[in-house]
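A closer look at the structure
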Amino acid sequence: LKILSLHILITALSRVYGYLWLVPNNEDKKFSYSVLLGSICYLLMTILLGPHFKIFGVIASFLLAEFSVLIMLIYTSYNLKR
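Bear in mind that the values here come from a model prediction, so they are computed numbers and not experimental data.

**Quick word on the pattern of salt bridges**
For the structure on display, the rule yields 1 salt bridge. For Lys30, the salt bridge goes to Glu27, with nearest N and O atoms at 3.4 Å. The exposure class of Lys30 is partly exposed, given its relative accessible area of 41%. In this structure Glu27 comes out as buried when scored by relative accessible area, which is 18%.

Structure follows, in structure tokens:
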């Protein structure tokens, strides 16, 4: 469960990109869209990994979903900067 502490770092970085970059630039919809896609990703991966790997599958799906949100926010803010 120590790997779950990575969640704090990933979530903090995604919130920085979301609230400090996208929201002030009137890109609220893109921020909400990336969080929605991350939630869908989390649900699908939990359904797929949960039965096979139990708690470790749920933790992995949680971290992968947060990481996917972070990647989408970085990509969106990079395109906004250009």
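After that view of the structure, there is still more to cover.
**Digging into the packing of aromatic side chains**
Per the counting criterion, the structure on display carries 2 aromatic pairs. Ring geometry for Tyr42 versus Phe62: centroids 5.8 Å apart, planes at 75°, classification edge-to-face. Classification of Tyr42 as partly exposed rests on a relative accessible area of 28%. For Phe62, a relative accessible area of 24% translates into the label partly exposed.

**So, a nonpolar patch on the surface**
Taken together, Ile3, Leu6, Leu9 and Leu13 make up a surface patch of nonpolar side chains, about 360 Å² in accessible area. Judged by its relative accessible area of 51%, Ile3 falls in the exposed class.

**Examining helix α1 (residues 6-22)**
For α1, spanning 17 residues, the distance from its first C-alpha to its last is 23 Å, which sits close to the expected 24 Å at 1.5 Å a residue. Along α1, the residues classified as buried are Ile10, Thr11, Ser14, Gly18 and Leu22. When α1 is viewed along its axis, its buried side chains cluster within an angular range of 95° and face the same direction. Set apart from the buried face of α1 by more than 90 degrees, the exposed residues are Ile8, Leu9 and Leu20.

**Here we look at the side chain of Ser34**
By the element assignment, Ser34 lies in helix α2 (residues 28-81). The exposure class assigned to Ser34 is buried, which follows from its relative accessible area of 2%. Those residues in contact with Ser34 that sit more than four places away from it in its chain are Val69, Met72 and Leu73.

Cut-offs and rules
- Residues numbered from 1 in each chain as written.
- Predicted model: local features only at pLDDT ≥ 70, side-chain atom pairs only at ≥ 80, totals over all residues.
- Heavy atoms only, no water.
- Salt bridge = Lys/Arg side-chain N within 4 Å of Asp/Glu carboxyl O.
- Buried < 20%, exposed > 50% of the residue type's maximum accessible area, 1.4 Å probe, protein only.
- Phe/Tyr/Trp six-rings, centres within 6.5 Å; stacked < 30°, edge-to-face > 60°.
- Patch = residues over 30% accessible without salt bridge, like charges linked within 9 Å, V, L, I, M, F, W, Y side chains within 5 Å.
- Areas by Shrake-Rupley, 256 points an atom, 1.4 Å probe, with all protein chains shown as cover.
- Helix = DSSP H or I, 4+ residues; strand = E, 2+ residues; numbered from the N terminus.
- Expected span 1.5 Å × (residues − 1).
- Arc of directions from axis to C-beta.
- Contact = heavy atoms within 4.5 Å.

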